[in-house]
Amino acid sequence: MSLSSGETATLICADCLEVLSSLPSNCARLIYLDPPFNTRKRRCTRLASFEDAFGTSAEYVAFLQPRLEQMHRVLDERGSLFLHCDWRTSHHVRLLLDSVFLPHGGLCVNQIIWHYGLGASRSTRRLLTKHDVIFWYARSEDYVFNPLRLPPTPAMERKYCHRAPDGRRYMVSYGRRYFCKGGKLLDDVWDIPAIPPTAAERVGYPTQKPLALLQRIVGLASEPGDLVLDPFCGSGTTLVAAKLLGRCWLGIDINPDAIAIASQRLAQIG
Ligand SMILES: C[S@@+](CC[C@H](N)C(=O)[O-])C[C@H]1O[C@@H](n2cnc3c(N)ncnc32)[C@H](O)[C@@H]1O
């Protein structure tokens, strides 16, 4: 199986190890992966399901390792990898990522906490768990980084109360105009709500991630025209974000139901 040149929008139903091994080196600018978290449960909705049981933590790491090595090879010099996991495995995964990236001049850019707020949690003897961990690693110091700002707060909007003809907000002090650059620079704790059960965005795939989360990641670490790869693409959220932001994309999933849902979703964007 190989990706022929010029193919810029592709969905493949297979084990990602098989597909990654067939890809040329240095072809992807951004890889986001949201593999099963090893919750040791079957993840189900009415429309689809997948197995999330990989045995011990060591067996889980052994599953990820050859796949991460291939992803590292496939990333280009300015490329980044975002790995999504949770508290059950994040400590093991971080050591694994260090072992794959650091010996070759790579670096850990950030450990992002995604605080999703919503969602069921049956904890009665511990705190409710309301965050995931996303590790951002880069192939080299020269990784693409587009700093993002949050929207201005109401207090900033009151301060920058004038509008220029081009729509930019500004304030006037001692006769000089000061333009608003936007809200606070984005930090490493992200408050983005999980998708509510009845939201229009929901496509019925278990563990579907919000589009806002993926648009942020794609916007941060890639440029229009770059190749964005998701080797565990599920319902295709990363690919939708890439398409909306003018990136090329490649999605892989072993589950035919995931590929069917992702393909339908992508077709709807036109
Ligand atoms: C957590 S889900 C991804 C959800 C996705 N981020 C979304 O927003 O819909 C993990 C996916 O990994 C897939 N998967 C599991 N093992 C795989 C493998 N070896 N190769 C490719 N995909 C795999 C599962 O079928 C599942 O769809």
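In what follows, the accompanying structure is described. From a predicted model like this one, the values you see are computed outputs, not experimental measurements. (Residues numbered from 1 in each chain as written. Predicted model: local features only at pLDDT ≥ 70, side-chain atom pairs only at ≥ 80, totals over all residues.)

What follows covers the packing of helix 2 (residues 57-74) against helix 3 (residues 90-101). Running from N to C, helix 2 and helix 3 point in directions that differ by 30°, and their axes come no closer than 10 Å. Between helix 2 and helix 3 the crossing geometry is right-handed. Of the residues in helix 3, those touching helix 2 at Ser 57, Val 61, Leu 64, Gln 65, Leu 68, Glu 69 and His 72 are His 92, Val 93, Leu 96, Leu 97, Val 100 and Phe 101. A class-by-class count of the residues in the contact of helix 2 with helix 3 yields 8 nonpolar, 4 polar and 1 charged. (Axes fitted to C-alpha atoms, helices over the stretch in contact; angles between N-to-C directions. Helix = DSSP H or I, 4+ residues; strand = E, 2+ residues; numbered from the N terminus. Left-handed = near helix turned anticlockwise from the far one by under 90°. Contact = placed C-beta atoms within 7 Å. Nonpolar A, V, L, I, M, F, W, Y, C, P; charged D, E, K, R; others polar.)

It is worth spelling out the pairing of strand 12 (residues 227-230) at this point. The alternating pattern of strand 12 places Leu 227 and Leu 229 and Val 228 and Asp 230 on opposite faces, both of which are buried. Pairing of strand 2 (residues 28-33) with strand 12 involves 2 bridges; the strand directions are parallel. When the sheet's bridge partners are listed, Leu 30 is paired in strand 12 with Val 228. In this sheet, strand 13 (residues 248-253) lies alongside strand 12 in parallel orientation, the contact comprising 4 bridges. Bridged to Asp 230 within strand 13 is Gly 251. Remark: the strand 12/helix 6 (residues 237-244)/strand 13 crossover connection has right-handed handedness. (Buried ≥ 20, exposed ≤ 12 C-beta atoms within 10 Å, placed from the backbone. Pairing = 2+ DSSP bridges. Right-handed = clockwise from strand over helix to strand, strands pointing away.)

This next bit is on the site of the ligand. Around the ligand, a shell composed of 20 residues is seen, among which Phe 232, Gly 234, Ser 235, Thr 237 and Asn 255 lie nearest. The residue inventory of the shell around the ligand, partitioned by class, reads 10 nonpolar, 6 polar and 4 charged. (Near = placed C-beta within 6 Å.)

Right, let's get into helix 3. Counted at 1.5 Å a residue, the expected span for helix 3 with its 12 residues is 16 Å, and the 16 Å between its end C-alpha atoms agrees. Every buried residue of helix 3 is accounted for by Val 93, Leu 97, Val 100 and Phe 101. Looking straight down helix 3, one finds its buried side chains confined to an arc of 80°; they lie on one side. When the buried face of helix 3 is taken as reference, the exposed residues oriented beyond 90 degrees from it are His 91 and Leu 95. Next to the buried residues of helix 3 lie helix 2, strand 5 (75-85), strand 6 (107-115) and strand 7 (131-138). (Expected span 1.5 Å × (residues − 1). Arc of directions from axis to C-beta.)

Nothing here speaks to function; it is geometry throughout.
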